[in-house]
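Secondary and tertiary structure notes
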Amino acid sequence: MKKQFLEIGKIVGTHGLKGEVRIEPWCDNAAFLCQFKRLYDANGTEHKIMSARVHKHIAIVRFEGVEKVEQADMLRGKIVYMNREDVRLPKGTHFVQDLIGLQVVDVENGTIYGEITDVLKTGANDVYQVTRNGRDYYLPVIPDVVKEKDIDGGVVKIVPMKGIFDDED
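Below or above, wherever it landed, is the structure these notes cover. A quick note: this is a predicted structure, and the numbers were derived from the prediction, not measured.

What about the environment of alanine 72?
Secondary-structure assignment places alanine 72 in helix α2 (residues 69-73). The buried category is assigned to alanine 72, whose relative accessible area is 1%. Residues alanine 72 and proline 140, spaced 68 residues apart in sequence, show a C-alpha to C-alpha distance of 41 Å. Residues within four places of alanine 72 in sequence aside, it is in contact with Thr14, Gly19, Glu20, Val21 and Val66.

As for the environment of arginine 76
In this structure, arginine 76 sits in the loop between α2 and β6 (79-83). Arginine 76 gets classed as partly exposed once you look at its relative accessible area, which sits at 44%. Sequence separation between arginine 76 and isoleucine 23 is 53 residues; the distance between their C-alpha atoms is 9.2 Å. Discounting residues that sit within four places of it in the chain, arginine 76 has contacts with Ile11, Val12, Gly13 and Thr14. A polar atom in the side chain of arginine 76 sits 3.4 Å from the backbone oxygen of valine 12. A polar contact is formed between the side chain of arginine 76 and the side chain of aspartate 73, at a distance of 2.5 Å.

Reading the values: rules and limits
Residues numbered from 1 in each chain as written. Predicted model: local features only at pLDDT ≥ 70, side-chain atom pairs only at ≥ 80, totals over all residues. Heavy atoms only, no water. Helix = DSSP H or I, 4+ residues; strand = E, 2+ residues; numbered from the N terminus. Buried < 20%, exposed > 50% of the residue type's maximum accessible area, 1.4 Å probe, protein only. Contact = heavy atoms within 4.5 Å. Polar contact = N/O pair within 3.5 Å; in protein donor to acceptor, adjacent residues only side chain to side chain.

Okay, here's the thing in structure tokens:
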């Protein structure tokens with residue numbers, strides 16, 4: 001089941017004296033985080049964003065009602081969440097949290113290879129970490145391998161590359 005609120009970053013400190021916080025993005029980049037008009041805390045409470053900008057690889061955000069460095073400092077260490085309804089992803093793009101836990105199945109014979117336990121960003125293409133019986137396998141997310149992602153059905157159908165799963169004796 002898809003979560004309504006997804007972790008998007010962590011408040012790692014303050015910035016300046018006027019209540020701004022530094023947020024380490026847990027998304028693709030700080031610019032993505034800065035596009036939101038509101039973020040949420042762990043309780044689902046909405047926090048309106050008054051301003052947001054990128055500074056190096058961090059988002060500098062000022063929330064409504066936070067106007068002093070002392071108020072901002074009290075937010076240090078908090079996780080911030082986004083509402084999935086606030087974003088439209090391009091077709092074929094998914095939130096990593098929606099992929100974690102999906103079963104990886106051979107499209108041709110139905111063999112279950114394990115479940116996705118992580119998504120690694122390598123630059124050229126993503127790589128799914130697939131875990132089975134405590135062992136990790138790494139599957140490149142390329143069209144020749146990943147044939148179908150059915151998030152609602154809980155499955156990713158693949159044509160495995162030679163040597164990824166068949167190296168066990």
